[in-house]
Amino acid sequence: MNNRIPISEIWVYLSGDPLFALVLTLATYQIGYTLYVKSNRNPILNPAAISIVLIAVMISQFGFGDSNQDAYQKYFEGAQFVHFLLGTATVALAVPIYRGFAQMKDKIFPILVALIVGSVASIASAVLIAKYMRADESIIGSMYTKSVTAPIAMGIAERIQVSPTLTAVFTVITGILGAILAPYILDIFKIRPWWIRGTAIGVGAHGLGITRAFSVNEQAGIFASMAMGLNGVLSAILLPYVYTFLHG
Amino acid sequence: MIDGLVQIFLWQGIGELISRFLLPTIPGPVIGLILLVAFLSIKGEVNPSLGMVADAFRQHLALLFVPASVGVILFLPELKAHALAVSVALIVSVILAISITALILKLFSIKEPAYAHTKAYKQEMKELDEDRRLEIEKRKQARRTKAIQKKHAKKVTGAQSE
């Protein structure tokens, strides 16, 4: 019995395996999702945010690697299988867009105008405030992409060479803020039609807002998904030009 | 479920190829998305398998960007130093995005003419509503009679087969 492996070595063995990073990602997300559902879908308990915090604490505090850089690299080696599906999820957004188109008919022109103006306002305000308050260059860069749904935003981020990581983090925070604030903002302006509420939530609150929109009203959910996808497509096409125009 | 997934992967692959060789500024998956929307519009329907996969992805979209977001541990010093700037920028831009989008749509959706407050206009609207109500009632009635006829027909065929 004296050839027992010390517990620390089991840890080293486990942490080198892709399975560990995968299980860690899915399990923490499941914990977050359970809490979210149990709390009656309170947007503060965002499953992704909970998962990110738990994983970040675990890999940086429990000797996953020699430094944070090393720890993250090791984690990502395993978790890249989840990361890879981002592109696939982007293509899958075609379905909600198509379903939204079927319901839009005469509303397509106003929706396009509102989407473009709304997301330009969102990008411009974020970038200008970050610049004015002298934020770091990498932070300002990611403010350009954060208004787009994360899978598409990260594709854009890689292309215009801003940090995909900060983009993803800002997008998650934007989603939480949007889902919390949207009902109040829309009530202040007395906006009642479900399709308008849905579209605004899709532009401002991304995925998390959409799941909430769906739980309140089917039509709001469909328009929110459609707005999120359409906003992503428009941004993917136009943002590189906006970025070089304002930045380069 | 698998054929829906295969379909999505195929469009993603085509998108990646086009992005690589023809349109390098647009990410491959976005091109795949556009092509799939075009394909669905031509086809006119979403097959259930594709719909199921798409709904699953949409519901748990956030899970997929967890791995990238954990990289935040590499940016902690910068974020701490600029915490105020980041929070103000994010909060203001979210509020602006939602309110501006909603207000523009509200402006477009109010198409009432300038004489909307007059009695004649209100009367006109009332008549329109009445017309619509009658129309709906008529359609309902038609559907009901159709259903009854169907039932009847079934009974007859049922009796014959016996």
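Predicted model, so just to flag it, every value in this text is computed and none were measured.

A. View of the overall build of chain B. A count of helices and strands for chain B gives eight helices and zero strands. The linear arrangement of helices and strands in chain B, starting from the amino end, is α-α-α-α-α-α-α-α. Buried residues in chain B amount to 31% of all 162 residues. Within chain B, contacts between residues at least 6 apart in sequence are counted, and of these 38% link residues at least 24 apart.

B. Quick look at the environment of I55 of chain A. With respect to the helices and strands, the residue I55 of chain A is situated in helix 3 (residues 47-61). Owing to 25 C-beta atoms within 10 Å, I55 of chain A belongs among the buried residues under this scheme. With 92 residues separating them along the chain, I55 of chain A and S147 of chain A place their C-alpha atoms 25 Å apart. Among all residues touching I55 of chain A, those that are not within four sequence positions of it are L24, T25 and T28 of chain A together with V70 of chain B.

C. How the structure looks around the interface of chain A and chain B. Taken together, the contacts link 92 residues of chain A with 67 residues of chain B. No other element matches helix 4 (residues 68-92) of chain A, which puts 17 residues into the side of chain A that touches chain B. In the side of chain A that touches chain B, the residues fall into 64 nonpolar, 25 polar and three charged.

D. The nonpolar core, seen in detail. Ranked by internal contacts, the top residues of the largest apolar core, which has 116 residues, are A92, A94, A130 and M143 of chain A together with L33, F65 and I98 of chain B. Here this core takes 13 residues from helix 7 (residues 83-109) of chain B, the largest share from any one element.

E. Quick peek at the domain arrangement of chain A. Residue and element names in this part refer to chain A. Split by domain assignment, chain A resolves into domain 1 (7-84) and domain 2 (93-247). Contacts between the two partners involve six residues from domain 1, matched on the other side by eight residues from domain 2. Here the residues of the side of domain 1 that touches domain 2 are counted per class, giving four nonpolar, one polar and one charged.

F. Just unusual backbone geometry, in detail. All names here are of chain A. Phi is positive for R134, which is not a glycine, with a value near 55 degrees. As for its position among the elements, R134 is in the loop between helix 6 (108-132) and helix 7 (137-145). Residue Q161 is not a glycine yet carries a positive backbone phi of 55 degrees.

G. Examining the environment of G204 of chain A more closely. As for its placement among the helices and strands, G204 of chain A is situated in helix 10 (residues 194-216). What makes G204 of chain A buried here is the crowd of 35 C-beta atoms within 10 Å. Beyond its immediate sequence surroundings of up to four residues, G204 of chain A is in contact with G178, A182 and G209 of chain A together with V94, A97, I98 and T101 of chain B.

H. Inspection of helix 11 (residues 218-247) of chain A at higher detail. A rise of 1.5 Å per residue sets the reference length of helix 11 of chain A, with its 30 residues, at 44 Å; its end C-alpha atoms lie 40 Å apart and thus fit the reference within 8%. At L238 of chain A, helix 11 of chain A is bent by approximately 45 degrees, the largest bend along its length, and proline P240 of chain A sits one to four residues beyond.

Conventions and cut-offs
- Residues numbered from 1 in each chain as written.
- Chains lettered and ligands numbered in written order.
- Predicted model: local features only at pLDDT ≥ 70, side-chain atom pairs only at ≥ 80, totals over all residues.
- Helix = DSSP H or I, 4+ residues; strand = E, 2+ residues; numbered from the N terminus.
- Buried ≥ 20, exposed ≤ 12 C-beta atoms within 10 Å, placed from the backbone.
- Contact = placed C-beta atoms within 7 Å.
- Nonpolar A, V, L, I, M, F, W, Y, C, P; charged D, E, K, R; others polar.
- Core = buried A, V, L, I, M, F, W, Y, C linked by C-beta atoms within 7 Å.
- Domains from an automatic or database assignment.
- Expected span 1.5 Å × (residues − 1).
- Bend = angle between axes of the 7 residues up to and from the residue.

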